[in-house]
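Here are the chains, one letter per residue:
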Amino acid sequence: MDKMQMGKNSPMPLLADLVAMYVITGLLLIALAALLGKADMPDSAVSIGIIVTYIISCFAGGFLIGKKKKTKKYLWGLCMGACYFAVLFLGNLAVNRGLDGHIAHMLTTAALCTLSGMAGGMVS
């Protein structure tokens, strides 16, 4: 197989964008924590901040992969959002040692991640 075909099938762009998504998530969560330290925010504001963090991170990941792949950008964005959620889900399973019973919350998070990733891919 020549180098051009190997490069097209390489998972490296996906992994690099996934790492970038989690770096963005980390930065946004640090900013949210700083806001919490400065202002007395209610729990609902914290939940909204976390949801906005998911949306921005997945949108950015979909946008990045869409710029790299050039075709079927919305599918690549959806894939990035799904991969982001999969890592979140596996981390949740590891930390909680099983499902914690919030199925509706997990499904909502999965929808937010995949749809915002797809939107990022569409915009790219």
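Below or above, wherever it landed, is the structure these notes cover. (Residues numbered from 1 in each chain as written. Predicted model: local features only at pLDDT ≥ 70, side-chain atom pairs only at ≥ 80, totals over all residues. Heavy atoms only, no water.)

### Digging into helix α3 (residues 43-69)
Alright, step 1. With 27 residues, α3 should reach 39 Å at 1.5 Å per residue; the first-to-last C-alpha distance of 39 Å fits that figure.
Alright, step 2. For α3, the full list of buried residues reads Gly49, Thr53, Tyr54, Ser57, Cys58, Ala60, Gly61, Gly62, Ile65, Gly66 and Lys69.
Alright, step 3. Positive backbone phi, at 70°, marks Lys70, one or two positions downstream of α3. (Helix = DSSP H or I, 4+ residues; strand = E, 2+ residues; numbered from the N terminus. Expected span 1.5 Å × (residues − 1). Buried < 20%, exposed > 50% of the residue type's maximum accessible area, 1.4 Å probe, protein only.)

### A short note on the environment of Ala31
Alright, step 1. On the secondary structure map, Ala31 appears in helix α2 (residues 12-38).
Alright, step 2. Along the backbone, Ala31 and Val19 are 12 residues apart, and their C-alpha atoms lie at a distance of 18 Å.

### Some thoughts on the packing of α2 against α3
Alright, step 1. At their nearest, the axes of α2 and α3 sit 9 Å apart, and the two run at 155° to each other. Relative to α3, α2 is oriented roughly antiparallel. Seen from above, α2 lies across α3 with right-handed handedness. Along its contact with α2, which presents Pro13, Leu14, Ala16, Asp17, Ala20, Met21, Ile24, Thr25, Leu28, Leu29, Leu32 and Leu36, the element α3 presents Val46, Gly49, Ile50, Thr53, Ile56, Ser57, Cys58, Ala60, Gly61, Leu64, Ile65 and Lys68.
Alright, step 2. Taken together, the residues of the contact of α2 with α3 sort by class into 17 nonpolar, 5 polar and 2 charged. (Axes fitted to C-alpha atoms, helices over the stretch in contact; angles between N-to-C directions. Parallel < 35°, antiparallel > 145°, perpendicular 65-115°, else oblique. Left-handed = near helix turned anticlockwise from the far one by under 90°. Contact = heavy atoms within 4.5 Å. Nonpolar A, V, L, I, M, F, W, Y, C, P; charged D, E, K, R; others polar.)

### Quick look at the state of the cysteines
Alright, step 1. Considering all chains together, one arrives at 0 disulfides under this definition.
Alright, step 2. The structure places no disulfide on Cys58, whose sulfur is separated from the nearest cysteine sulfur, that of Cys113, by 3.8 Å.
Alright, step 3. Residue Cys58 is classed as buried on the basis of its relative accessible area, which comes to 0%.
Alright, step 4. Residue Cys83 stays outside any disulfide, its sulfur separated by 4.1 Å from that of Cys79, the closest cysteine.
Alright, step 5. Among the residues examined, Cys83 registers a relative accessible area of 30% and is labelled partly exposed. (Disulfide = S-S within 2.5 Å.)

### Considerations on the packing of aromatic side chains
Alright, step 1. Tallied over the full model, the rule gives 3 aromatic pairs.
Alright, step 2. Between the aromatic rings of Tyr22 and Tyr84, the centroid separation amounts to 4.5 Å while the plane-to-plane angle is 15°, which identifies the pairing as stacked. Residue Tyr22 is found in helix α2, and its partner Tyr84 is found in helix α4 (residues 73-96); the two are separated by 62 residues along the sequence.
Alright, step 3. In this structure Tyr22 comes out as partly exposed when scored by relative accessible area, which is 25%.
Alright, step 4. With centroids separated by 6.3 Å and ring planes inclined at 75°, the aromatic side chains of Tyr54 and Tyr84 adopt a geometry described as edge-to-face. With Tyr54 in helix α3 and Tyr84 in helix α4, this residue pair connects regions lying 30 residues apart in the sequence.
Alright, step 5. By the ring-pair criterion, three or more aromatic residues cluster together here, those being Tyr22, Tyr54 and Tyr84.
Alright, step 6. Taking NZ or CZ as reference, Lys69 lies 4.5 Å from the ring centre of Trp76, over its face. (Phe/Tyr/Trp six-rings, centres within 6.5 Å; stacked < 30°, edge-to-face > 60°. Lys NZ or Arg CZ within 6 Å of the ring centre and 35° of its normal.)

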